[in-house]
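Chain by chain, the residues run as shown.
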Amino acid sequence: MSQPLLRIGLVGPLPPPYGGMANQTRQLARLLQQEGIQVELVQVNAPYQPVWAGKIKGFRAVFRLVPYLACLWQIAGRVQLFHIMANSGWAWHLFAAPAIWIAQFRKTPVIVNYRGDEAEAFFQKSFFWVKRSLDRTDAIIVPSGFLEAIFRQRGYASKIIPNIIDLNRFNAKPVEDKANQSDAPHIVVTRHLEAIYDNATAIRAFHIVKKIIPGARLTVAGAGPERQMLENMVAELDLQDAVKFTGRIDNDAIAALYQCADMMINASLVDNMPISILEALASGVPVVSSDAGGIPYLVEHGKTALLVPQKDAAAMAEAMLQILQSSERADSLRKNGIASLEQYTWHSVKHHLFSVYHQVLENNQR
């Protein structure tokens, strides 16, 4: 497909920290540039200037917001289109909404790429204000059927453009390398240590599994406000020798972690389209997850992953044991998981994304 689009303003966060939206923003910028598209990046989490300003709570937002708005204004006058990576909560009000309004003043078409896990709760609380900005967009794209349904209920059409998984970063280990998983399986959690990801349930499930498979060990890779609480729980359950907290790790370390993992577990209470699940599948690591939010749109229970009810440690442990005690079940999930990833590769996603770009540009030329 030839690309008449030459200049795009991409608005979003960049790592660090290495979160899903930040990783997707950086990856999308690189992939668009490889297609010959000129990308001007507007970073919503740019470092504070001067550095000391970031230490002044309640005031530091000004030091980030003012240069952000100035950058938006300048770039909106140079590009043909704004692609805004949007989230729920204050991130919407501080970063997405201003970008939409500035683009309108500069007569620059806008695509909102909405990715907020807590969209339903956010819309219930703030949709009066969100709607005013959404009405000034040219297109809305979302990464999952889950978010598409939420927008549809509010009277807005959206196009599903999935998250992109870079298969070059992840490689599945040969099955023979997993021969010892039934004796000493390595289980990983790769979510932020926040309440919405309910890592406590994941640890309780691991505790149940360890009673049956004493050699099991768990690595918790992530940072967040619940770390101390989770470490206290591990101590109370007498799991200190089996559970390791790594803190936040970068993208290369995540890929290496999956290479030595036998299973990934995810107990989130709110979720959209977690890239961590796709990364585990790409690494040939079976997944046991809660059925929160958009996860049932992402994987098929019993085929590409095992899904369990939220906050149910016993059900999660039972699903984990199904995989750990059956090499046939584990191999089937690995094979089907890897096969399901083609739809999330850039080769597949770019055609859908470019069709939205072209339609928006054509509509604005009429």
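For the structure itself, consult the block above.
Cut-offs and rules
- Within any chain, residue numbers begin from 1 and follow the written order of that chain's sequence.
- Note on the predicted model: pLDDT of at least 70 is required for a residue's local features to be given, and 80 or more for side-chain atom pairs to be given and counted; whole-chain, interface and lining totals, by contrast, use all residues.
- Only hydrogens and water are set aside when side-chain values are computed; all heavy atoms of the structure are taken into account.
- At least two DSSP bridges between two strands are required for those strands to pair.
- Strands here mean DSSP runs of E at least two residues long; helices mean DSSP runs of H or I at least four residues long; both are numbered from the N terminus.
- By definition in these notes, contact holds between two residues if any of their heavy atoms fall within 4.5 Å.
- To define axes, lines are fitted to C-alpha atoms, for helices over the stretch in contact only, and angles between the resulting N-to-C directions are given on a 0 to 180 degree scale.
- Put simply, two rings from Phe, Tyr or Trp (the six-membered ring, in Trp's case) pair if the centres are within 6.5 Å, and we call them stacked under 30 degrees between planes, edge-to-face over 60, tilted for the rest.
- Whether a residue is buried, partly exposed or exposed follows from its accessible area with a 1.4 Å probe, protein chains only, as a fraction of its type maximum: under 20%, in between, or over 50%, in that order.
- The rule is short: NZ of Lys or CZ of Arg within 6 Å of the ring centre and within 35 degrees of the ring normal puts a charge over the ring.
- What makes a salt bridge here is a side-chain nitrogen of Lys or Arg within 4 Å of a carboxyl oxygen of Asp or Glu, nothing more.
- The scheme is simple: roughly parallel for angles under 35 degrees, roughly antiparallel for over 145, roughly perpendicular for 65 to 115, oblique for anything else.
- Each helix crossing is assigned a hand: it is left-handed if the near helix lies turned anticlockwise from the far helix by less than a right angle, otherwise right-handed if that turn is clockwise.
- Each residue gets one of three labels, nonpolar for Ala, Val, Leu, Ile, Met, Phe, Trp, Tyr, Cys and Pro, charged for Asp, Glu, Lys and Arg, and polar for the others, Gly among them.

Chemist: Break down the sheet that holds strand 5 (residues 139-142) for me, citing the residues and quoting the values.
Modeler: Strand order in the open sheet formed by six strands is 2-1-3-4-5-6, and the pairing between neighbours is parallel. The two strands at the open ends of the sheet, each matched to only one other strand, are strand 2 (38-43) and strand 6 (159-160). Along the sheet, helix 3 (residues 90-105) makes contact with strand 1 (7-12), strand 3 (81-86) and strand 4 (110-114), crossing strand 3 at roughly 165 degrees.

Chemist: Let's hear about the packing of aromatic side chains: which residues, and what values?
Modeler: All chains considered together, the criterion is met by 13 aromatic pairs. Taking 6.0 Å as the distance between ring centres and 40 degrees as the angle between the ring planes, the aromatic pair formed by Phe122 and Phe123 counts as tilted. There is no split in this pair, since Phe122 and Phe123 are both buried. On the numbers, 5.9 Å between centres and 90 degrees between planes, the contact of Trp346 with Phe354 is edge-to-face. Through pairs of rings, three or more aromatic residues link up here, namely Trp92, Tyr114, Phe122, Phe123, Phe127, Phe151 and Tyr156. The ring of Trp73 is capped by Arg106, whose NZ or CZ atom sits 4.6 Å from the centre of that ring. For Arg154, the ring lying beneath its charged end belongs to Phe127, and the centroid distance is 4.9 Å.

Chemist: Help me get a handle on the pattern of salt bridges, residues and values and all.
Modeler: Enumeration according to the criterion identifies ten salt bridges in this entry. In this structure, Arg154 and Glu120 form a salt bridge, with 3.9 Å as the shortest nitrogen-oxygen distance. Linking Arg154 in the loop between helix 5 (145-153) and strand 6 with Glu120 in helix 4 (residues 119-134), this pair joins segments that are 34 residues apart in sequence. Overall, the relative accessible area of 29% leaves Arg154 in the partly exposed class.

Chemist: Now, about the packing of helix 6 (residues 199-212) against helix 11 (residues 313-324): what can you tell me, with residues and values included?
Modeler: Viewed as axis vectors pointing N to C, helix 6 and helix 11 meet at an angle of 50 degrees, and their least axial separation amounts to 8 Å. Taken as axis vectors, helix 6 and helix 11 run oblique relative to one another. Crossing of helix 6 against helix 11: the hand is right-handed. Across from Thr201, Ala202, Arg204, Ala205, Phe206, Ile208, Val209 and Ile212 in helix 6, the residues of helix 11 making contact are Ala313, Ala314, Met316, Ala317, Met320, Leu321 and Leu324.

Chemist: Go over the packing of helix 1 (residues 20-34) against helix 13 (residues 346-365) with me, naming the residues and quoting the values.
Modeler: For the pair helix 1 and helix 13, interaxial distance at closest approach is 12 Å and the crossing angle is 80 degrees. Taken together, the axes of helix 1 and helix 13 are roughly perpendicular relative to one another. Here Leu28, Leu31 and Leu32 of helix 1 lie close against helix 13, whose contacting residues are Trp346, Leu353, Phe354 and Tyr357. For the contact of helix 1 with helix 13, a count of residues per class yields seven nonpolar, no polar and no charged.

Chemist: If you had to explain the environment of Pro143 to someone new, which residues and values would you point to?
Modeler: Mapped onto the elements of the fold, Pro143 is located in the loop between strand 5 and helix 5. Its relative accessible area of 3% is what places Pro143 among the buried residues. Between the C-alpha atoms of Pro143 and Lys311, which are 168 residues apart in sequence, the distance is 25 Å. For Pro143, the contacting residues outside a window of four places in its chain are Tyr114, Arg115, Ile160, Ile161, Pro162, Asn163, Asn272 and Met273.

Chemist: Hey, could you go over helix 5 for me, with residue numbers and the actual values?
Modeler: Counting buried positions along helix 5 gives seven out of nine residues, so the element sits mostly inside the fold. Along helix 5, the positions that sit buried rather than exposed are Gly145, Phe146, Leu147, Glu148, Ala149, Ile150 and Phe151. In this structure, the buried residues of helix 5 make contact with strand 4, helix 4, strand 5, strand 6 and helix 10 (295-298). Backbone geometry just after helix 5 places Gly155 at a positive phi near 90 degrees.

Chemist: Outline the sheet that holds strand 9 (residues 243-245), supporting the account with residue identities and numerical values.
Modeler: If you trace the six strands from one edge of the open sheet to the other, you get 9-8-7-10-11-12, paired in parallel fashion. Two strands lie at the open edges of the sheet, namely strand 9 and strand 12 (306-308), each paired on one side alone. On average, each strand axis in the sheet is inclined to that of its neighbour by 20 degrees, with strand direction left out of account. Sheet analysis places strand 8 (residues 217-220) next to strand 9, joined by three bridges and oriented parallel. When the sheet's bridge partners are listed, Thr219 is paired in strand 9 with Lys244. Here helix 11 sits on the sheet in contact with strand 7 (186-189), strand 10 (263-266), strand 11 (287-290) and strand 12, set at roughly 165 degrees to strand 11.

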